[in-house]
2 protein chains.
Amino acid sequence: MFDYLKTTEDALASFLPSKNCREHKLIEAMQYSLSAGGKRVRPRLVFEFNALCNGFPEGAVPFACAVEMIHTYSLIHDDLPCMDDDDLRRGKPSNHKVYGEDIALLAGDALQTLAFEIMTSDKTATLVGEKSCRQCANVLAKYSGANGMVGGQVIDLISENTNAPIEVLREMDYKKTACLIKAACEMGAISAGATKQQVEAASQYGECIGIAFQIKDDILDVTSTNDELGKPVGSDNDNNKSTYVSLLGISECAKLINLLTEKAVKALECFNGETISLKKFAYELAERTK
Amino acid sequence: MFDYLKTTEDALASFLPSKNCREHKLIEAMQYSLSAGGKRVRPRLVFEFNALCNGFPEGAVPFACAVEMIHTYSLIHDDLPCMDDDDLRRGKPSNHKVYGEDIALLAGDALQTLAFEIMTSDKTATLVGEKSCRQCANVLAKYSGANGMVGGQVIDLISENTNAPIEVLREMDYKKTACLIKAACEMGAISAGATKQQVEAASQYGECIGIAFQIKDDILDVTSTNDELGKPVGSDNDNNKSTYVSLLGISECAKLINLLTEKAVKALECFNGETISLKKFAYELAERTK
């Protein structure tokens, strides 16, 4: 597997508009959050499925960056005082703490727009063809919008202090977290010209590891320290939120993660190519400590 | 000309996700601002240029709705307390006054996403072809993002209390207002399969009436009453903002609007079709009283 991390970091930087403009403070704010590291889970999945379906990395780049831009915009908006009001993100002051709420809001907005701009550019169309280009943009929009990621955040908001039952939690985690991971997997396959069945399998893998990822997040929220996690721990409890952990307990949650991880690995069976890297990744996510 | 207003209202309603979901409060908030009327200037321009370039209305519908969704999301975010902190919009309480800041923020986010979702749908691709579909989405992204509409809002923010000179104002108005109007005109032409020269002419028309539109807004901000305008008048002055009016005076501004309107009308010369409706529209905007 080629160096997806370096490719992602370089490409993210290259897609940002030049700071040589009056609105340079906006570009700086966009760059601040976009370059704040993180595990780049979603870009990696785009590259992995693109490779598995015999695509080429250059064709996956705009979609890998787009999904990370959507993820980053959601974090910036999520940290705002009118939302979770978090001062820390990935161990650094959150965007609005550095640039002010107004610029942070607009930096989030502009990152979302930029995601769609790079996916629909002439260059991207030349790389992967008109149809794949348009379909990937549609997939990302569908999974990140009102009935996807944003919808999940709304369910999260309205469920606070309500002792939300497990079925609400399941839908919330699916929409808030799994949808975007699912989008990354589908885009990887589509950008490589995969068959419908392959896109479906990628989608299934993404959904399973996505939900497992969120359950693991809930576990880490109660078992980690601030330093390990780079963000305040115990925040779910402080905010009176139901989580998988509060409803099922840690050991049931660990079982659920294993089940979902096995289901994800099984979804890979329909591919002819080398799936070891994606299998490893599913297990890594399940066992991560931060 | 067919009934673009009814078509727009009906289509906007039809593109909203069903409220039969847990996140129905989000959909209600999206609908609240989207159905709040307004002049539907941008959708009309999409339909007008589509017709002028021999397109068919069905093919213009998703782009007409998309540009209105982008416009609406920007208004919702603009009214938030961390931005302009406006309680009224189009004569009604602004979105966050009804739904709370958190839902208003997310409703804006989801409207932006929905704009890109409908432009890149399979149905839209079938109507106008893969390439036009993708190009329109790219045009809207380019003009509404960091170096377009959002960039203009940032210039607006950082120029407060600075006695911004005319060249800053020009760039701000171009980006904040004209860019989206320009995008509407270009998308109308592109969705009809127009030539490069025609798209360029549509763009020129949009830029001119867009800047004229903003200058007219500045004039109305000092000459109207709250009731006429449906929003608080005098807000530019209250916020210590330079405007064309504060820098040049009303009569110079009126001259400038005429000049821009004539330039817009001249840009229409390259079209063979019937341009009377677009000419009338340019004059109407220049002479509007609200």
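Residues numbered from 1 in each chain as written. Chains lettered and ligands numbered in written order. Predicted model: local features only at pLDDT ≥ 70, side-chain atom pairs only at ≥ 80, totals over all residues. Heavy atoms only, no water.

## A closer look at the packing of helix α6 (residues 101-119) of chain A against helix α8 (residues 130-144) of chain B
The axes of two packed helices give the description: the angle between them and the distance between them. Quick reminder of the rule: For every element, the axis is a line fit to its C-alpha atoms; helices are fit only across the contacting stretch, and the angle between N-to-C directions ranges from 0 to 180 degrees. In this description a helix means any DSSP run of H or I spanning at least four residues, a strand means any run of E spanning at least two, and both kinds are numbered starting from the N terminus. Here a crossing is taken to be left-handed if its near helix is turned anticlockwise relative to the far helix by less than a right angle, and right-handed if that turn runs clockwise. Here a residue-residue contact requires only that any non-hydrogen atoms of the pair lie within 4.5 Å.
Packing of α6 of chain A against α8 of chain B leaves a shortest axis separation of 8 Å and a crossing angle of 145°. In terms of crossing hand, the pair formed by α6 of chain A and α8 of chain B is left-handed. For the pair α6 of chain A and α8 of chain B, contact is made by T113, F116 and E117 of chain A and by N138, A141, K142 and S144 of chain B, respectively.

## Details of helix α4 (residues 57-79) of chain B
Stated precisely, the cut-off is as follows: A helix is expected to reach a length of 1.5 Å times the quantity of its residues less one. Three exposure classes are used, based on accessible area relative to the maximum for each residue type with a 1.4 Å probe and protein chains only: buried under 20%, partly exposed in between, and exposed over 50%.
For α4 of chain B, with 23 residues, the first-to-last C-alpha span of 32 Å sits near the 33 Å given by 1.5 Å per residue. Taking burial as the measure, the 23 residues of α4 of chain B include 21 buried ones, the bulk of the element.

## Things to note about the interface of chain B and chain A
Where we set the bar: Buried area is a sum: the accessible area each of two parts loses on coming together, probed at 1.4 Å, counted once for each and added. Here, a salt bridge means any Lys or Arg side-chain nitrogen found within 4 Å of an Asp or Glu carboxyl oxygen. Within 3.5 Å is the distance limit for a polar contact, defined as a pair of N or O atoms, with the added protein rule that one can donate a hydrogen and the other accept it, and that residues adjacent in sequence qualify only through two side-chain atoms.
If you look at the interface, chain B gives 50 residues, while chain A gives 50 residues. Across the chain B to chain A interface the summed buried area is about 4,400 Å²; carbon plus sulfur atoms make up 63%. For chain B, the biggest contributors to the area lost against chain A are R22, E23 and R134 of chain B; these three give 17% of the whole. Counting across the chain B and chain A interface gives eight salt bridges. Among the ionic pairs, K175 of chain B bridges to E23 of chain A, the shortest N-O distance being 2.7 Å. Our count for the contact surface shared by chain B and chain A stands at 22 residue pairs in polar contact (both at pLDDT 80 or more). For the side of chain B that touches chain A, the secondary structure elements donating two or more residues are α2 (24-34), α4, α6 (101-119), α7 (122-128), α8, α9 (149-159) and α10 (166-191) of chain B.

## Describing the nonpolar core
To be explicit about the condition: The set of buried Ala, Val, Leu, Ile, Met, Phe, Trp, Tyr and Cys residues whose side-chain atoms join them within 4.5 Å is what this entry labels a nonpolar core.
Counting 202 residues, the largest nonpolar core has L45 and Y205 of chain A together with L45 and Y205 of chain B as its most contacted members. Apart from the residues within four sequence positions on either side, L45 of chain B is in contact with I181, A184, C185, Y205, I209, L278 and F281 of chain B.

## Brief notes about the pattern of salt bridges
Residue and element names in this part refer to chain A. For the structure shown, the criterion picks out 36 salt bridges over all chains. One salt bridge in this structure joins R40 and E9, with 2.7 Å as the shortest N-O distance. Placement of R40 in the loop between α2 (24-34) and α3 (41-52) and of E9 in helix α1 (residues 4-15) is noted, with a sequence separation of 31 residues between them. Among the salt bridges present, the one from R40 reaches E68, with a minimum N-O distance of 2.9 Å. Of the two residues, R40 is situated in the loop between α2 and α3 and E68 in helix α4 (residues 57-79); the sequence distance between them amounts to 28 residues. Residue class for E68 comes out buried when judged on its relative accessible area of 1%.

## Points about the packing of aromatic side chains
Convention followed: Aromatic contacts are taken between Phe, Tyr and Trp rings whose centres are within 6.5 Å, Trp giving its six-membered ring; a plane angle under 30 degrees counts as stacked, one over 60 as edge-to-face, and the others as tilted.
Summed over the entire model, instances satisfying the criterion amount to seven aromatic pairs over all chains. Geometrically, the ring pair formed by F116 of chain A and F116 of chain B is stacked, given 4.5 Å between the ring centres and 0° between the ring planes. With F116 of chain A in helix α6 and F116 of chain B in helix α6, this residue pair bridges two chains. For F116 of chain B, a relative accessible area of 0% corresponds to the buried category. Between Y32 of chain B and Y99 of chain B, the aromatic rings sit 5.6 Å apart at their centres with planes inclined by 70°, giving edge-to-face as the arrangement.

## Focus: the relation of the copies chain B and chain A
To keep it simple, the criterion reads: Here the copies are superposed with least squares, the fitted atoms being C-alpha atoms of residues at a pLDDT of at least 70 in both.
Of the transformation placing chain B onto chain A, the axial shift is 0.0 Å and the rotation is 180°, giving an RMSD of 0.0 Å. On the angle and the small slide along the axis, the relation comes out as a two-fold axis. Interface overlap between copies is the fraction of interface residues in one copy that are interface residues in the other; for chain B against chain A it reaches 100%, indicating a shared surface.

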